[in-house]
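# Descriptive structure summary
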Amino acid sequence: MGVTLAYDTWGEGPHTLLALHGFTGSGASFAHLRALLGRSVRFVAVDLPGHGRTPLPEKLGRDGFLETVDAVVRLARELGGHVDLLGYSQGARIALGAAVRAPECFGRLIMESGSPGLHRRQERSERREADAKLVEFIRARGVDAFVDRWEALPLFDGLRRLPEAEQAALRERRKACTVEGLSGALETLGLGVQPDYWPELHRQRLPTLLLTGAEDVKFTGLARRMAAELPVVWRHAFAGVSHAPHLEAPEEYVREVLSFLQTPWYEAPQFEHAILAREATHS
């Protein structure tokens, strides 16, 4: 059966929203959204492998990534199928993998600061080497030292503008991780072992929302490139926000998410013809 994902559920709305957190996080990473979302969605907050209560996959590398993707698909089916799927950073990459793997299990896809993967073999090799060095650092120096290093990355500049109490809570969640959990997550869920999903984007049928912070130039650029490939896509970049919009601008973030989930959508006949024509040009 593979790894089983631990999760918590809250909220009472008509939409079931299955949420996947980022590296060093857990399902609790979305708890601050409960007051904003609780009456609009049934929120399913997952602990990804190596984080929170979920063990690491049985397999390593790419096979471990795909085992995690299969676990997300299996959970979606247990929840009744056709659930909406949200992922942040690491979670966004896994969410896209699940949508590609079993699109019939999901209604809509929300990717926050996500990537379809690395297209070149050399890039994937270099990323695996970089992650291997991080694994060595974690095992040699421990979680606290790694969190100090991780939080100092320019990618998280926006989080340093949060109120001190929120920064402290975020830091506490990160330090609750374990050496083996973080090391294993880098080895099994990292960008270097993830399949390249760029070639799959033009075949993706789920209505998709791409969210980034406008100050996060790299991931906003990736979102633009993804939007050019996806058939049914919306994109929004939050002004004055960096890599973690759900933490840096939660009210605006929730407005975008709910607007996307609550907008009626259907695949009109002319749209279906356009998709078929587009597929023909890629075959």
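Note that this is a predicted model, so its numbers are computed, not measured. (Residues numbered from 1 in each chain as written. Predicted model: local features only at pLDDT ≥ 70, side-chain atom pairs only at ≥ 80, totals over all residues. Heavy atoms only, no water.)

## Remarks on the overall build of the chain
On a plain count of helices and strands, the chain comes out with eleven helices and seven strands. Each of the three principal axes of the chain carries a C-alpha extent, and together these read 60 × 45 × 40 Å. Residue burial in the chain is summarised as follows: out of 283 residues, 55% are buried. Once local pairs closer than 6 in sequence are excluded, the contacts in the chain between residues at least 24 apart make up 80%. Only carbon and sulfur atoms are counted for the fraction: they give 51% of the accessible area of the chain, which is about 13,000 Å². Between the mean site of the 34 positive side-chain charges and the mean site of the 37 negative ones, the chain shows a separation of 2 Å. (Helix = DSSP H or I, 4+ residues; strand = E, 2+ residues; numbered from the N terminus. Buried < 20%, exposed > 50% of the residue type's maximum accessible area, 1.4 Å probe, protein only. Contact = heavy atoms within 4.5 Å. Areas by Shrake-Rupley, 256 points an atom, 1.4 Å probe, with all protein chains shown as cover. Lys, Arg positive; Asp, Glu negative; His and termini not counted. Charge placed at Lys NZ, Arg CZ, Asp CG, Glu CD.)

## A few points about the side chain of Glu248
With respect to the secondary-structure elements, Glu248 resides in helix 9 (residues 245-248). Buried charge Glu248 goes without a salt bridge, the closest partner of opposite sign being Arg161 at 4.1 Å. For Glu248, the side chain forms a polar contact with the main-chain nitrogen of His243, separated by 3.4 Å. Of the polar contacts made by the side chain of Glu248, one reaches the backbone nitrogen of Ala244; its length is 2.9 Å. (Salt bridge = Lys/Arg side-chain N within 4 Å of Asp/Glu carboxyl O. Polar contact = N/O pair within 3.5 Å; in protein donor to acceptor, adjacent residues only side chain to side chain.)

## A short note on the environment of Gly25
Tracing the backbone through its elements, the reader meets Gly25 in the loop between strand 2 (15-20) and helix 1 (34-37). For the pair Gly25 and Ser259, spaced 234 residues apart in the sequence, the C-alpha separation amounts to 26 Å.

## With respect to the pattern of salt bridges
Overall, the coordinates contain 13 salt bridges when judged by the stated rule. Here Glu151 and Arg171 are joined by a salt bridge, their closest N and O atoms 2.3 Å apart. Of this pair, Glu151 sits in helix 5 (residues 143-151) while Arg171 sits in helix 6 (residues 164-175), and the two are 20 residues apart along the sequence. Using a relative accessible area of 17% as the deciding quantity, one classes Glu151 as buried. Overall, the relative accessible area of 25% leaves Arg171 in the partly exposed class. One salt bridge in this structure joins Asp157 and Arg160, with 2.2 Å as the shortest N-O distance.

## Some words on the confidence of the model for the chain
A residue-level look at the chain finds 94% of positions with pLDDT of 70 or above and a mean pLDDT of 93. Below a pLDDT of 50 lies the segment residues 268-283, which in the model reaches twelve contacts outside its immediate sequence neighbourhood of four places, other chains included. (pLDDT = per-residue confidence, 0-100.)

## Quick notes on the packing of aromatic side chains
Under the definition given, this model contains eight aromatic pairs. Taken together through their ring pairs, the aromatic side chains of Phe23, Phe146, Trp150 and Phe156 make up a single cluster. Sitting over the face of the ring of Phe260, Arg108 holds its NZ or CZ atom 5.7 Å from the ring centroid. Of note, Arg149 hangs over the ring of Phe137, and the distance from its end group to the ring centre comes to 4.6 Å. (Phe/Tyr/Trp six-rings, centres within 6.5 Å; stacked < 30°, edge-to-face > 60°. Lys NZ or Arg CZ within 6 Å of the ring centre and 35° of its normal.)

## Considerations on unusual backbone geometry
With a phi angle near 55°, His82 is a residue other than glycine that sits in the positive phi range. Tracing the backbone through its elements, the reader meets His82 in the loop between helix 2 (61-78) and strand 4 (83-88). A relative accessible area of 57% means that His82 is categorised as exposed. For Ser113, which is not glycine, the phi torsion reads 50° and is therefore positive. Of note, Ser113 is situated in the loop between strand 5 (106-112) and helix 4 (121-141). A residue is classified by how much of its surface remains accessible, and Ser113, at 1% relative accessible area, is buried.

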